[in-house]
Amino acid sequence: MDLQLSVRAGRGCTVLEVRGELDMATSPQLREGLQRLVDAGDRQVVVDLAGVGFMDSSGLGALVVMFKAWRDVGGRMCLAAVQPAVRSVLSVTSVDQAIDVYDSVPEAEADMRPTDMPAG
C-alpha cells in the first residue's frame, strides 16, 4: 500500500496527516515529508497517524530521527490519533516516553505552544 501524506495548517502548528502502512518501503517517504517541513521552517508539528494501521521498526526509526531533528532546531513534533497496533510498537520500544502521543489531533493542537513567545 502506498503512503499518502497531506499537510494542513493546525491551531498553532502544522498537521501532517499520514495514511497507509509505515514499513521499510514507505518510511523514507515519511522521513522526506517531515524533513521538508523542518526545512520550510515549521517548528510545531503534529503527525496525525489515524490512517496508519501498521508500523514496523523502519517507520519507528523515521519518527525518532525526525523527532530529534525538530528538537535540534528548537521545535517540537508529536504524534496524534495513534491506532492500537502502532501504539503498541511505541509502547514496547518506550518511544512513547520520548515523543508525546495524544489521543486526537485537537488534543495535540491544544497542547502546542508557540516557540517564539515566552511561556506565561
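Residues numbered from 1 in each chain as written. Predicted model: local features only at pLDDT ≥ 70, side-chain atom pairs only at ≥ 80, totals over all residues. Heavy atoms only, no water.

**Regarding the packing of helix H1 (residues 27-39) against helix H2 (residues 57-72)**
Two quantities define a packed helix pair, namely the angle between the helix axes and the distance between the axes. Note the following rule: Interaxial angles span 0 to 180 degrees and are taken between N-to-C directions of axes, which are lines fitted to C-alpha atoms, for helices over the stretch in contact. Going along the chain from the N terminus, every DSSP run of H or I of four or more residues is numbered as a helix, and every run of E of two or more is numbered as a strand. Oblique is the label for any angle not covered by the other classes, which are roughly parallel (under 35 degrees), roughly antiparallel (over 145) and roughly perpendicular (65 to 115). Should the near helix be turned anticlockwise from the far one by less than a right angle, the crossing is left-handed, and should it be turned clockwise, the crossing is right-handed. What makes two residues a contact is simply this: any of their non-hydrogen atoms within 4.5 Å. Put simply, Ala, Val, Leu, Ile, Met, Phe, Trp, Tyr, Cys and Pro go in the nonpolar bin, Asp, Glu, Lys and Arg in the charged bin, and everything else, Gly too, in the polar bin.
Between H1 and H2, the shortest axis-to-axis distance is 9 Å and the interhelical angle comes to 15°. Put simply, H1 runs roughly parallel to H2. Here H1 runs over H2; the crossing is right-handed. Along its contact with H1, which presents Ser-27, Leu-30, Arg-31, Leu-34, Gln-35, Leu-37 and Val-38, the element H2 presents Ser-58, Gly-59, Ala-62, Leu-63, Val-65, Met-66 and Trp-70. Among the residues forming the contact of H1 with H2, the class breakdown is 9 nonpolar, 4 polar and 1 charged.

**What about the nonpolar core?**
Applied cut-off: We define the nonpolar core as a collection of buried residues of types Ala, Val, Leu, Ile, Met, Phe, Trp, Tyr and Cys that are connected through side-chain atoms lying within 4.5 Å of one another. Remark: exposure states derive from per-residue accessible area (1.4 Å probe, protein chains only) relative to the maximum for the residue type, with buried under 20%, exposed over 50%, and partly exposed in between.
Within the largest apolar cluster, 27 residues are counted, with the highest numbers of intra-cluster contacts made by Leu-30, Leu-34, Leu-49, Met-77 and Leu-79. Only strand E2 (14-22), H1, strand E3 (44-55), H2, strand E4 (76-80) and helix H3 (84-92) provide two or more residues apiece to this core. Sort the elements by how many residues they give to this core and H2 lands first, with 7 residues. Contact partners of Leu-34, with chain neighbours within four places excluded, come to Leu-16, Val-45, Val-47, Leu-63, Met-66, Trp-70 and Met-77. Of all hydrophobic cores here, the second largest spans 9 residues; its members include Cys-13, Val-15, Val-105 and Met-112.

**Remarks on H1**
Given 3.6 residues per helical turn, the α-helix brings residues three or four places apart onto the same face. Our working rule: The length a helix should cover is 1.5 Å for every residue beyond the first.
Under the 1.5 Å per step criterion, the end-to-end length of H1 is 18 Å for 13 residues, consistent within 8% with the ideal 18 Å. Looking at the packing, one finds that the buried side of H1 touches strand E1 (4-9), E2, E3, H2 and E4. Gly-41 occupies a position one or two residues after H1 and carries a positive phi of about 95°.

**What to know about the pattern of salt bridges**
Where charged atoms from two side chains of opposite charge approach closely, those side chains can pair. The criterion, for reference: Note on definitions: salt bridges are taken to be side-chain nitrogens of Lys or Arg within 4 Å of carboxyl oxygens of Asp or Glu.
Summed over all chains, the structure comprises 5 salt bridges. The partner of Arg-8 in a salt bridge is Glu-109, with the nearest N and O atoms 3.8 Å apart. With Arg-8 in strand E1 and Glu-109 in helix H4 (residues 105-111), this residue pair connects regions lying 101 residues apart in the sequence. Judged by its relative accessible area of 8%, Glu-109 is buried. Between Arg-87 and Asp-103 there is a salt bridge, with the nearest N and O atoms lying 3.3 Å from each other. Here Asp-103 lies in the loop between strand E5 (101-102) and H4 and Arg-87 lies in helix H3, a separation of 16 residues in the sequence.

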